[in-house]
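Structural description and commentary
Take a look at the letters that make up each chain.
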Amino acid sequence: MRWYGSLRRAAHIAQVRRRGRRVSLPTLSAYGLAASGGASEIGITVSKALGSAVCRNLVRRRIRGALDELGPAQPAPARLLLVARPPAAQVPYRQLAADVAAAVAQLARR
RNA sequence: AAAGGCCGCCGGGCAGUCGCGCGUCCAGGGGACGUGAGGAAAGUCCGGGCUUCACCGGGCAGCGUGCAGGAUAACGUCCUGUCGGGGCAACUCGAAGGAAAGUGCCACAGAAACAAACCGCCGGGCAAAACCGGCAAGGGUGAAAUCGGGAGGUAAGAGCUCCCGGAGCGUCGCGGCGACGCGCGCUCGGGUAAACCCCACGCGAAGCAAGAUCGCUCGAAAGGGAUGGUUCGCCGUCCCGGACGGCCCGUCCGAACGAGCUACAUCGCACCGAGGCGCCCGGUAACGGUCGCCCCAGAGAGAUGGCUGCCGCCGCGCAAGCGGUACAGAAUCCGGCUUACAGGCGGCCUUUGCAC
RNA sequence: GCGCCCGUAGCGUAGCUGGAUAACGCGCGGCCCUCCGAAGGCUGAGAUCGGGGGUUCGAAUCCCUCCGGGCGUA
């Protein structure tokens, strides 16, 4: 079982993007907002600027894989939005995973 | 053996670890089992299934197709042929109906671009010319100049005649279902229809965000005019109005629903189909048929995966090793077309060389 | 999904319908003018007409097919 759910509602995404704290790294931007309770919800955005559908799928799955590696030992539940930036398509997996971990950690520190 | 042609197929494998969607079963926050991208899922260039609207029929417009026969649910697709181009050949390519129905256009050059004669040639005239008549062989222009080459013929010439070749036409003959081929006869009349057009054939429109179901809200509930008859109940004719989602004719109607929300709901939609695989039969083939087996992705913005190791394949290198492993990601479903694609496999055929 | 549009000098456009000169403005280079610059005048360069194939004597234009970009709609 994953430690997070999927951030689906357009209204929630807009709220996180507008009011959430923001962290910028070379391969991705991240927005975070504390949630009242329950499990965390995370959304991943990969725009057309990253490349073809195959390429975008790979980036999205790698980000999800990196999140799985973080494990369930996460602090308070939150709503996160991870937006991949163009360099994410060129970089090896280890570097992308490091950025994902850093982004989540910085948002959690608050 | 080399070079080439055609057809079909694959397009990574194994293990570890962390995970996901759907289905079934067990089952109190989980677990077990099964299953889970492509040959192009792509581009959206065509054709259908399905759905709603229209539907009683005809015509026009519009769009598309364009050798013949066949295959198919259908097609602009496929197969087999015909004709024409390419190749020594296997084979391959072709929007391949009509220009003696009509209209338009053919720049510049050139006398002339479809109706004719500039330089010429010949005859008359004549000292020579002007001029009159005949001719279209030669020159020149051009992308293209009245079928090409040769001979006869003639004042000079001309399909005027003959031979070879080419093209078109025919109530013609033979072969073929047919396109067409061979023969005979006649004619020889520029090009362009991916210019308008003519001919033949096909097409109702929109699309799964189609549409259907449950619940709720709102709106509208239908006739009007003229005229004739009347037993004052009403009936007939004409006009206005409405429907026939391009227009017209013709037809029908004057009564019943229409719009929106819920809505990221449920169904459509994901087990049953123009379904897949295999054997056999018919057919040159596309394809069709009998029988057997199989059930085979699917949604709340979206699962089918991430990482590591080993192996395989390719390139570089003596080696250790290093680098690479294509094109590309389902969204209503099928049949095609087109485009992209590292590398590899199988079968048949052609030409040339060598050996026997 | 459906229905459309555009691609021409560095930039913005015309020419396309109906075939034969690729034109205009801004910008750029040089010269003149000025003490210098702006403005102005003269002059010059700069184009695979998005790529490929076809029709035609001839294609930016017509046809087919790819590529890139944009718009509308529910």
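Every chain is numbered independently, its residues counted from 1 as its sequence is written. Chains and ligands are labelled by the order in which they are written, letters from A for the one and numbers from 1 for the other. Two thresholds apply to this predicted model, a pLDDT of at least 70 for residue-level local features and 80 or more for giving and counting side-chain atom pairs, whereas whole-chain, interface and lining totals are computed over all residues. Where side-chain values are given, they derive from all heavy atoms of the structure, hydrogens and water being excluded.

So, on to the overall build of chain A. In this description a helix means any DSSP run of H or I spanning at least four residues, a strand means any run of E spanning at least two, and both kinds are numbered starting from the N terminus. When you go through chain A residue by residue, the secondary structure sums to three helices and five strands. With 110 residues in all, chain A has 35% of them scored as buried. Looking at chain A alone, contacts between residues at least 24 apart form 81% of all its contacts between residues at least 6 apart. When the accessible surface of chain A is split by element, carbon and sulfur atoms take 52% of a total near 6,400 Å². Note on exposure labels: buried denotes an accessible area under 20% of the residue type's maximum, exposed denotes more than 50%, and partly exposed covers the range between, all computed with a 1.4 Å probe on protein chains only. Any two residues whose heavy atoms approach within 4.5 Å are treated as being in contact. Every accessible area reported is derived by Shrake-Rupley at a probe size of 1.4 Å, with residue values counting cover from the shown protein chains alone.

What follows deals with the sheet that holds strand 5 (residues 78–84). Within the open sheet, the five strands sit side by side as 1-4-5-3-2. Their pairing is mixed. Of all the strands in the sheet, the pair left with one neighbour each is strand 1 (4–6) and strand 2 (21–24). The average undirected angle you get between the axes of adjacent strands in this sheet is 25 degrees. By the bridge criterion, four bridges tie strand 2 to strand 3 (residues 28–34) in an arrangement that is antiparallel. Strands pair, by our definition, only if DSSP identifies at least two bridges between them. Whenever a helix is involved, its axis is fitted only over the stretch in contact; in every case the axis is a line through C-alpha atoms, and angles between N-to-C directions fall within 0 to 180 degrees.

Turning our eyes to something else, we now look at the environment of Asp68. Inspection of the secondary structure assignment puts Asp68 in helix 2 (residues 53–70). Using a relative accessible area of 34% as the deciding quantity, one classes Asp68 as partly exposed. Taking the C-alpha atoms as reference, Asp68 lies 9.2 Å from Tyr4; in sequence the two are 64 residues apart.

Our next topic: the nonpolar core. By nonpolar core we mean a set of buried residues, namely Ala, Val, Leu, Ile, Met, Phe, Trp, Tyr and Cys, connected to one another through side-chain atoms within 4.5 Å. The biggest cluster of nonpolar side chains holds 25 residues, and the ones touching the most others in it are Ile42, Val59, Ile63 and Leu67. The element best represented in this core is helix 3 (residues 93–109), accounting for six residues. Once you skip the residues sitting within four places of it in the chain, Ile42 turns out to touch Trp3, Tyr4, Gly5, Ser6, Leu7, Leu67, Leu80 and Leu82. Counting five residues, the second largest nonpolar core, distinct from the first, contains Val16, Tyr31, Leu81 and Val83.

By definition, a salt bridge exists where a carboxyl oxygen of Asp or Glu is found within 4 Å of a side-chain nitrogen of Lys or Arg. For the structure on display, the rule yields one salt bridge. The shortest N-O distance in the salt bridge between Arg94 and Glu69 comes to 3.3 Å. Of the two residues, Arg94 sits in helix 3 while Glu69 sits in helix 2, which places them 25 residues apart along the sequence.

Our focus in this paragraph is the pairing of strand 4 (residues 40–45). Of the pairings in the sheet, the one linking strand 1 to strand 4 comprises three bridges and is parallel in character. Residue pairing in the sheet places Tyr4 in a bridge with Ser40 of strand 4.

Positionally, Thr27 belongs in the loop between strand 2 and strand 3. Note on Thr27: relative accessible area 1%, which makes it buried. The contact partners of Thr27, leaving out residues within four places of it in the chain, are Val83, Ala84, Arg85, Ala88, Val91, Leu96 and Asp99.

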